[in-house]
Amino acid sequence: MSHHVQDPQLAGTSAALFERAAQLMPGGVNSPVRAFRAVGGSPRFIDRGAGARLWDVDGREYLDYIGAWGPLLFGHAHPAIVAAVASQVGRGTAYGAPTRLEVEMAETIVRSVPSIDMVRMVNSGTEATMAAVRVARGATGRDAVLKFAGCYHGHADGFLVKAGSGAATFGTPDSPGVTPATARDTLTAHYNDVEDVRQVFSAHPRRLAAVIVEPVAGNMGLVPPAPGFLEALRELCTADGALLIFDEVITGFRLAPGGAQQHYGVLPDLTTLGKIIGGGLPVGAYGGRRDLMARVSPSGPIYQAGTLSGNPLAMAAGLAALRQIEAEPRVYARLDAMGAELETGITSVIRRRSLPCRLVRLGSLWTLFFRDGEVRDWRDASACDTARFARYFHALLERGILVAPSQFETNFISAAHTAADLARTVSAIGEALEAAHA
Ligand code: PMP
């Protein structure tokens, strides 16, 4: 079947590709947020990336703060990662048998992440969280899992559940296709609300297999943990016999080599990883205490497998990224300094104009919330002015700066961003804020 573009002048452009795509893929995309639905307009189709920059098929250049949604700590097409993939690809792209690369990947992860004694590679963050929950249920013999409203852990059925009418009530499905029976095993609480979590535990003593949490929430915009929140989760889980799962798909190797657990000094029982450890190729991982991971097949009875798990191309790319980190441990201080520069610049624009906005930033992660006041959980985040955000987004895009096309996402600074890039970003954000509040 052929697809005719109405206006021949559009052929080969983002607009023409999106028109074709919309006939072929749901919403024209392979993952929803790419479609620009939250901000209006149609997405830019990307031709190539290098460092902190992207070019679309229309030849426009963008300074990129999406960073492939987290994997690109060193920016696009980093030479060491490109070389590692190129040298592996000629040796074969999949074997269905173990390789040295997998051993080196596991050694690097175990060496870096404080709570991980053993690890299993998978192909996405979704797979990692799904498997971690299975391990928690298999190990504890319990069914229920507590998650936080506004936290995202991939698209497995049990996670597509939002807060019901109160913290201690069982969840209801957030998506058609998730059965009420599945949703019933997912309890929800408010992020940063220890009292809420305490109530869930006291309403359902010894029923929770696990509490799963983004130790720094990145999927309702950036919401760091309040002081004591992670420590309280650790204590409540230990006291009840539930396992604590840190979903470090975003934060792993992003805040520090050992992720948020290293940054905050709180150790979970199980950890999920993804993004950076794949160097931009499709990768996830879950790991944790030896006694728990030893229960995974084939050493134990909890089944989990994958045709392309530990794929040699993905391992080569991921290892190249992790070696780059080990070669430059100061990269985190450098990213933090860049984040601080952006924060100072944007905050001073907000203050100067007394705008109802708030910049939240941790290391190289940042979100500009269109709301005055603190953002501690999904209740706060969902009160943002998303219409204003959309105007700001498009004003930035016109100025060649690409941020996440939704209020409820974090942005990513990479090691490839420069001081000049940040200065240009601050001044463009000043103009975009002006346009959004005009
Ligand atoms: N957990 C977290 C914290 C995430 O941010 C994401 C994706 N952004 C996932 C899990 C799911 O990962 P994936 O999209 O690779 O399935």
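Residues numbered from 1 in each chain as written. Predicted model: local features only at pLDDT ≥ 70, side-chain atom pairs only at ≥ 80, totals over all residues. Heavy atoms only, no water.

Moving on, we come to the domain arrangement of the protein. Frequently, the measure chosen for interface size is the accessible area removed from exposure when the parts meet. For the protein, the domain assignment lists domain 1 (79–327) and domain 2 (330–406). Computed from C-alpha coordinates alone, the two centres of domain 1 and domain 2 are separated by 26 Å. Domain 1 puts 22 residues into the contact, and the matching count from domain 2 is 15 residues. Roughly 1600 Å² of surface becomes buried between domain 1 and domain 2 when both sides are summed, with 66% attributable to carbon and sulfur atoms. For domain 1, the biggest contributors to the area lost against domain 2 are Met 220, Leu 222 and Arg 254; these three give 37% of the whole. Viewed at the interface, domain 2 and domain 1 are joined by one salt bridge. (Domains from an automatic or database assignment. Contact = heavy atoms within 4.5 Å. Buried area = accessible area lost by both parts, 1.4 Å probe. Salt bridge = Lys/Arg side-chain N within 4 Å of Asp/Glu carboxyl O.)

For the rest of this paragraph, the subject is the confidence of the model for the protein. When pLDDT is averaged along the protein, the result is 94; 95% of the residues meet or exceed 70. The least confident element of the protein is strand S7 (residues 172–173), whose mean pLDDT is 65; the most confident is strand S11 (residues 270–274), at 99. Counting contacts from residues 1–5, a segment whose pLDDT is below 50, to residues more than four positions away or on other chains yields nine contacts. (pLDDT = per-residue confidence, 0-100. Helix = DSSP H or I, 4+ residues; strand = E, 2+ residues; numbered from the N terminus.)

This paragraph deals with the environment of Ala 139. Looking at where Ala 139 falls in the secondary structure, it is placed in helix H4 (residues 125–140). Taking the C-alpha atoms as reference, Ala 139 lies 9.5 Å from Met 293; in sequence the two are 154 residues apart. If near-sequence neighbours (up to four positions away) are discounted, Ala 139 is found in contact with Leu 243, Leu 292, Arg 295 and Ile 302.

Applying the stated criterion across every chain yields a total of 10 aromatic pairs. Counting every residue linked through ring pairs, the aromatic cluster contains Phe 148, Tyr 191 and Phe 229. A cation over a ring is seen here: Arg 48 above Trp 55, with NZ or CZ 4.1 Å from the ring centre. (Phe/Tyr/Trp six-rings, centres within 6.5 Å; stacked < 30°, edge-to-face > 60°. Lys NZ or Arg CZ within 6 Å of the ring centre and 35° of its normal.)

Let us look at the site of the ligand. All residues in the neighbourhood of the ligand are listed as Ser 124, Gly 125, Thr 126, Tyr 152, His 153, Gly 154, Glu 214, Asn 219, Asp 247, Val 249, Ile 250 and Lys 275. At 2.8 Å, a backbone N or O of Gly 125 approaches an oxygen atom of the ligand. Relative to its unbound accessible surface of 390 Å², the ligand loses 80% to contact with the protein. Looking at side-chain class alone, the shell around the ligand contains three nonpolar, six polar and three charged residues. (Near = heavy atom within 4 Å. Polar contact = N/O pair within 3.5 Å; in protein donor to acceptor, adjacent residues only side chain to side chain. Areas by Shrake-Rupley, 256 points an atom, 1.4 Å probe, with all protein chains shown as cover. Nonpolar A, V, L, I, M, F, W, Y, C, P; charged D, E, K, R; others polar.)

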